[in-house]
Structures are given as C-alpha cells and as structure tokens.
Protein chains: 2
Amino acid sequence: MSIIKSNTLKNIPFFKNCSDKTIEALSDQAQIIDLEKGSMLFSNKDKAERFYLVTKGWIKLYRETIDGAQSVVDILNANNVFGEVALFQNDTTSFSAEAAERAQVMSFPLCILKKEIENNSNLTMDMMLSMTRHARQQDQEIENRTLKNASQRIGCFLLRLVDQRKTGEIVIKLPYDKTLVAARLGMQPETFSRALNKLKDQIDLHVVGREIRILSLQDLTKYACSACSSEFPCHDIKS
Amino acid sequence: MSIIKSNTLKNIPFFKNCSDKTIEALSDQAQIIDLEKGSMLFSNKDKAERFYLVTKGWIKLYRETIDGAQSVVDILNANNVFGEVALFQNDTTSFSAEAAERAQVMSFPLCILKKEIENNSNLTMDMMLSMTRHARQQDQEIENRTLKNASQRIGCFLLRLVDQRKTGEIVIKLPYDKTLVAARLGMQPETFSRALNKLKDQIDLHVVGREIRILSLQDLTKYACSACSSEFPCHDIKS
DNA sequence: CGAGGGTTTGAAGTGCATCAAATAGTGTGG
DNA sequence: CCACACTATTTGATGCACTTCAAACCCTCG
C-alpha cells in the first residue's frame, strides 16, 4: 500500500499520459519531503536519482557561483514537476533547489520515468512540449534582461500573472515576497522597490503590501511591453 | 532525382537516426537558399512550414522589438539545424532568422519531420537531448547577463571556443565580426571594444584583428569564470 | 584610390548596485 | 493581547558599468 493515492498523480498534467502501471510504481516509491523556508532540497553537485513534484509552497531553482551570487532559474508552486531533465544530462542537474518558503514536495525515482519514456511516445511528446515552452520562456527572459529596464520587467511580470482578457480595474497579488520577485527578475530588492515606485509615477497603480491594483491594463501594456518582441504583449505562456 | 545526395544528410548529426525513407523524402523536397549578408530568411511572424540546415556561412537567430532593438538568440554555422521546434509550437517560431554574412541554407518541409518523429523514438530522443543542451545554454546565458560584467562575458565566450585541454600559448580566431560577437553577448560594440581592452590589462592577451593570442588559459579562466556556477569553468556544452 | 562598413576613442549621461540606516510588518513567547 | 525579535521593505547617498552620441580611424574591396 503506497503512501499516496495514484489518483493524486493522475490529476497532475505531467503524469496524465503515464501508464497505470507506471503511476502505480511511482506511487509505491514516492517519498514526501517537508521543507522549512530556505532549506535545500538538492544541489547541482549531487548526483540526480530522483525527480520532484511540488505539492505545497514555493520551490526556488537557482544557480550559485563560488562567491555566493545567485541566478534564479525558476520558481515553482504546487503541481509543477522539476528535476526530470537530469534524464537527458547523465543524471546531473545544472541547478540547485531550495524552499522559498515552507513547502512540501514529493520525490520519485528517475529510473521509473526513464523506463516509461522509452515506451510511451505520448509522454515523450508531453515532455518535448513542456521543454519547448520552457525554452521560449528562457529566450524571453534573456530578451527581458537585455532590452528592458527594471520597471518594464516588473510590468511584464505583472502582466503574466493576470488574465489579459479582463478589463477595468484589476487586483494582482504577488505570488511570493518582493525580495524573491526581485531575484526572479534579476535585480536587487532596493532596485525593485524603486522601480515599482517609478511604475506608479508612469501609470495608475496602487500598491498595498503584496497587492497591486491596476486601473488600466492597456496603460501597463503600453509602458512595459514597448520593449517586447514576439510574445507581445506579455502573457502566460501555456500552449 | 533530388538536388542533393542523401549521403550529405546522413553525415549531419541531426539526421543520423532518421530512417532511409525519410532521408530520401527530405532530400527530394530540399531547397537550397543563398543569402546575402543581412537578408532575412524568415520572420517570427511567418507561419513556419519548413525547417533549416545551415550549409555555409553564419545565420543569426534573433528577436526584435517594435522599435528595432534586437536580442540575439543564437548564431549558427554549417551543419546546424534550426526552426524545427516550430513542430511543438503550432507552427510558429519565436524568433527571426537572417544571414550574418553571405550564407547558404537548405530547407525541408516540417511535415516530413513530424511524421518521422511520431514513429522514430531514436530521433525523438536526439531532439530531447539537443533541446536539453540548448536549455542549459540558455540558463547559462541568463546567468552570464545577470552576474558577469562585460569583460568576463567576453572571457567566457573565448573559453568556449577553445579546447580546454590545450596548454601554453593559444590563438583564438573570432568566428564572426566583433559587432556580432558583441550582439551575441548582449552588449554594444563600443562596450565590447573597451571591455576587451580591459581584459588585456588584466591578463596576458594580444589582439590583432579577429585573432586573439592568449598566453595562459588558466589566467583567463581565473578572471572570467570567477562568476560561473555549475558549468565552471566555461566550456563548449556538447554531451 | 575612394567609399563604406567595421572598430576604436572620447565625453557625457543613465540605470542599477552597493552600503547604510530607517521603517514597516510578521510571528513568537509571555 | 502586548512586547520583542527578526525579517522584509523602503529610502538616501554614492559609485561604477554600461549606453549613447559623436567623431576619428582603419581596413577591405570594388
């Protein structure tokens, strides 16, 4: 009897094309890991034998230099899978993972996934799709860092959080604390604070703690996405 | 009778696991395109129906904003394939392509590749591998832009051009002109020039046109890679 | 030899980082 | 429910890195 119901996994997009047998095997071998804020899940120096599913909280994926400077790769919440690319990299990952706040993840042996991929072309196709999506996000991110200033990067970050079809006044809640958003956008917390103030001067926008009220999405788009290219205007990449 | 020998394709890494039948089909439908410097091959706004193989010269992949600012995605030379990811993006690409200098490419219908992928898991695996590699390069690039200064980025660029096992004096020839290298590294030509001068002050290094003579790889690594993380020291990612 | 693009240099401005310190906010134990 | 400790956030002052604009130089190629 496994610690989790296989039903749990079936409802996660990543596993939707896995065979029942594999779901079963994964469930059997699953481990649940609770993480305090800031505690490390794995380091890029570790040999990767498992992959992970976020079940609660936020997980930060990052790279770290010798002198401690960090570059944030991604920040994931519930139902996102990570660490699976080690399969194609000789069981290594190029990043480390830690809890951005109190979090919980589930881990599974990579070898089970490996076997499934070899036989299941639907799953492979899913992974291709998600990798392509990720590649596009990365391209976009490089563009962001190269062509946009801090305020515009914040603007685009906000736009990706909302449903673009909405009109009128909109309230956006930052998904995690401002320091982390700053890191995610490749800037210092101080810069984030000042750049958000600058954004307030440019467009109608009110900030209360983590909540940001925007009066006109159009204005924000006009300001932030003037330096966007193919993904114009900024939106969540999901297709 | 096709315009190219199928042998030509079989020797390209990308096609090595394609079935003979598909190689044949690709050869039959191949088109050869000659490009003058600066001429555009396709735009991200076009619908993608073909993918490409570089046969001569250099092709620049880039994204462009409304006001003309460019962000270079990649710069490819002979035997590299591009545009194939459109298969997983509803026949769109998120970048445009143009000749960085006089160049030649071959184009093939995406639909042939699509059919092959559906039946050929070896090819799929190859593509996964190359996408993973690309993703890692992108992560590295984001790190570069975030954590390194201009001189260090140049240093790492040079390191990726040479065989790290060599010792003693080494001569590196820049693969394309300095303006393009600058764009590839996300900086202005002026900044490139000045940053290269700064590099000269830091380590023993001589520049004559496109040729750069380095006396000690170690010194360069020490200077440039102090802000590198997992891929330390900088090297060509090929495995 | 001359035209044009690539490259370098100079001068000035801008944006972000850094360091320091104040302020706001949050969770904990009493 | 309050006080304290600790963290997150903001603000100020300053410096550095890169960009921008302008102009000179150099190299190549017709």
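Provided above is the structure to which this section pertains.
Below is a short write-up of the structure. In this convention, every chain numbers its residues from 1, walking through the sequence in written order. Each chain is given a letter, starting from A, and each ligand a number, starting from 1, according to the order in which they appear as written. Local features in a predicted model are, by the rule used here, given only for residues with pLDDT of at least 70; side-chain atom pairs are given and counted only at 80 or more, and totals for whole chains, interfaces and linings are based on all residues. Computation of side-chain values covers all heavy atoms of the structure but excludes hydrogens and water.

### With respect to the overall build of chain A
So, step 1. The way it works is that DSSP assigns letters per residue, a run of H or I at least four long becomes a helix, a run of E at least two long becomes a strand, and they are numbered from the N terminus. When its secondary structure is counted, chain A shows eight helices and eleven strands.
So, step 2. The globule rule puts the C-alpha radius of gyration for 239 residues at 18 Å, and the 19 Å found for chain A is close to it.
So, step 3. Counting all 239 residues of chain A, 52% fall into the buried class.
So, step 4. Here, two residues are considered to be in contact whenever any of their heavy atoms come within 4.5 Å of each other. Looking at chain A alone, contacts between residues at least 24 apart form 72% of all its contacts between residues at least 6 apart.
So, step 5. A total accessible area of about 11,300 Å² is found for chain A, and carbon and sulfur atoms account for 46% of it. Put simply, the radius of gyration uses C-alpha atoms, and a globule should come to 2.2 Å times the residue count raised to 0.38. Exposure is judged per residue with a 1.4 Å probe applied to protein chains only, and the accessible area is read against the type maximum: over 50% gives exposed, under 20% gives buried, and values in between give partly exposed. In these tables, accessible area is a Shrake-Rupley quantity obtained with a 1.4 Å probe, and a residue counts as shielded only by the protein chains included in the view.

### Details of the packing of aromatic side chains
Residues and elements named next belong to chain A.
So, step 1. Any two rings among Phe, Tyr and Trp, with Trp reduced to its six-membered ring, count as a pair given centres within 6.5 Å; such a pair is stacked if its planes are under 30 degrees apart, edge-to-face if over 60, and tilted if neither. Taken as a whole and assessed by the stated rule, the structure comprises 21 aromatic pairs over all chains.
So, step 2. Pairing Y52 with F82 gives two aromatic rings, centres 5.4 Å apart and planes at 15°, and the pair type is stacked. With Y52 in strand β3 (residues 50-56) and F82 in strand β6 (residues 81-82), this pair connects stretches of sequence that are 30 residues apart. Here Y52 and F82 have matching classes, each one buried.

### Thoughts on the protein's contact with DNA strand C
So, step 1. Any residue with a heavy atom lying within 4 Å of a molecule or strand is counted as near it. By nearness alone, 16 residues border DNA strand C, and A150, T191 and R194 of chain A together with T179 and N197 of chain B come closest of all.
So, step 2. The definition of a polar contact used here is a pair of N or O atoms within 3.5 Å, where within protein one atom must be able to donate a hydrogen and the other to accept one, and adjacent residues in sequence count solely through side-chain atom pairs. Here a base nitrogen of DNA strand C and a side-chain polar atom of E190 of chain A are 3.2 Å apart.
So, step 3. Within the side chain of N197 of chain B, an N or O atom sits 2.9 Å from a phosphate oxygen of DNA strand C.
So, step 4. For the surface near DNA strand C, the elements supplying multiple residues, two or more each, are α7 (189-202) of chain A together with α6 (178-184) and α7 (189-202) of chain B.
So, step 5. The element that contributes the greatest number of residues to the surface near DNA strand C is α7 of chain B, accounting for four residues.
So, step 6. Gly is put with the polar residues, along with every residue not named as nonpolar or charged; the nonpolar set is Ala, Val, Leu, Ile, Met, Phe, Trp, Tyr, Cys and Pro, and the charged set is Asp, Glu, Lys and Arg. Class assignment for the residues of the surface near DNA strand C results in two nonpolar, seven polar and seven charged.

### A look at the interface of chain A and chain B
So, step 1. Contact residues are listed per partner, giving 44 residues for chain A and 44 residues for chain B.
So, step 2. Buried area adds together the accessible area that both of two parts lose upon being put together, with accessible area traced by a 1.4 Å probe. Interface area for chain A against chain B, summed over the two sides, is near 3,900 Å², with a carbon-plus-sulfur share of 63%.
So, step 3. For the chain A face of the interface with chain B, the top three residues by lost area are R63, F88 and M128 of chain A, together amounting to 17%.
So, step 4. The salt bridge definition used is simple: a Lys or Arg side-chain nitrogen within 4 Å of an Asp or Glu carboxyl oxygen. Summed over the shared surface of chain A and chain B, the number is two salt bridges.
So, step 5. The salt bridge involving E143 of chain B is made with R63 of chain A; its shortest N-O contact spans 2.7 Å.
So, step 6. Inspection of the region where chain A meets chain B yields six residue pairs in polar contact (both at pLDDT 80 or more).
So, step 7. Sorting the residues of the side of chain A that touches chain B by element identifies β4 (59-64), β5 (70-76) and α4 (121-147) of chain A as the ones contributing at least two each.

### Considerations on the protein's contact with DNA strand D
So, step 1. In the neighbourhood of DNA strand D, 16 residues make up the surrounding shell, with T179, R194 and N197 of chain A together with A150 and T191 of chain B lying closest.
So, step 2. Taking R194 of chain B, its side chain carries an N or O atom lying 2.9 Å from a base oxygen of DNA strand D.
So, step 3. Contributing elements (two or more residues each) for the surface near DNA strand D: α6 (178-184) and α7 of chain A together with α7 of chain B.
So, step 4. Broken down by element, the residue count for the surface near DNA strand D peaks at four residues, all from α7 of chain A.
So, step 5. Residues of the surface near DNA strand D, tallied by class, amount to two nonpolar, seven polar and seven charged.

### Quick notes on α4 of chain A
So, step 1. With 27 residues, α4 of chain A should reach 39 Å at 1.5 Å per residue; the first-to-last C-alpha distance of 39 Å fits that figure.
So, step 2. Near the N-terminus of α4 of chain A, the side chain that reaches the backbone nitrogen of N122 of chain A, with its oxygen 2.9 Å away, is that of N120 of chain A. To estimate the expected span of a helix, subtract one from its residue number and multiply by 1.5 Å.

### A short note on the sheet that holds strand β10 (residues 205-208) of chain B
Residues and elements named next belong to chain B.
So, step 1. Strands qualify as paired when DSSP identifies two bridges or more between them. Spatially, β9-β11-β10 is the arrangement adopted by the three strands of the open sheet, whose pairing is antiparallel. The outermost strands of the open sheet, each flanked by one partner alone, are β9 (170-173) and β10. When the angles between neighbouring strand axes are averaged without regard to direction, this sheet yields 20°.
So, step 2. Pairing of β10 with strand β11 (residues 211-214), which is carried by four bridges, proceeds in the antiparallel orientation. Along β11, the bridge assignment pairs V208 with E211. In this analysis an axis means a line fitted to C-alpha atoms, helices contributing only their contacting stretch, and an angle means the value between N-to-C directions, from 0 to 180 degrees.

### Structural notes on the relation of the copies chain A and chain B
So, step 1. After a rotation of 180° and a shift along the axis of 0.0 Å, chain A superposes on chain B with an RMSD of 0.0 Å. Viewed as a symmetry operation, the transformation between the two copies matches a two-fold axis.
So, step 2. An overlap of 100% is found between the interface residues of chain A and their copies at the interface of chain B, pointing to a shared contact surface. Least squares is the method for superposing the copies, and the C-alpha atoms it fits come from residues with pLDDT of at least 70 in both.

### Considerations on the sheet that holds strand β7 (residues 96-99) of chain B
So, step 1. Across the sheet, which stays open at both edges, the four strands sit in the order β2-β7-β4-β5 (chain B) with antiparallel pairing between neighbours. Bordering the open sheet on either side are β2 (40-42) and β5 (70-76) of chain B, each of which pairs with just one other strand. Across the sheet, the axes of successive neighbouring strands diverge by a mean angle of 30°, strand direction being ignored.
So, step 2. Running over the sheet, α4 of chain A touches β4 (59-64) and β5 of chain B and is turned about 130° from β5 of chain B.

### Quick look at the pattern of salt bridges
So, step 1. A complete count under the given rule lists 20 salt bridges over all chains for this structure.
So, step 2. Of the charged contacts, one joins D163 of chain A and R165 of chain A as a salt bridge, the two residues approaching to 3.0 Å between their closest N and O atoms.
So, step 3. Residue classification places D163 of chain A among the partly exposed residues on the basis of a relative accessible area of 31%.
So, step 4. On the basis of relative accessible area, R165 of chain A is assigned to the exposed category, the value being 72%.
So, step 5. A salt bridge links D177 of chain B to K37 of chain B, with the nearest nitrogen and oxygen atoms 3.7 Å apart. Here D177 of chain B is found in the loop between β9 and α6, whereas its partner K37 of chain B is found in the loop between β1 (31-35) and β2, with 140 residues between them in sequence.
So, step 6. Taking the relative accessible area as the measure of exposure, D177 of chain B reaches 26% and is therefore partly exposed.
So, step 7. Its relative accessible area of 53% is what places K37 of chain B among the exposed residues.
So, step 8. One continuous salt-bridge network, built from bridges that share partners, spans E141, R145 and R184 of chain A.

### Digging into the packing of helix α5 (residues 150-159) of chain A against α7 of chain A
Residues and elements named next belong to chain A.
So, step 1. With their axes 8 Å apart at the nearest point, α5 and α7 run at an angle of 80° to one another. With respect to α7, the axis of α5 lies roughly perpendicular. Of α7, the residues touching α5 (which contributes A150, S151, I154, G155 and L158) are T191, F192, A195, L196, K198 and L199. When describing relative orientation, an angle under 35 degrees is termed roughly parallel and one over 145 degrees roughly antiparallel, while 65 to 115 degrees is termed roughly perpendicular and anything else oblique.

Purely spatial values, then, with no claim about function.
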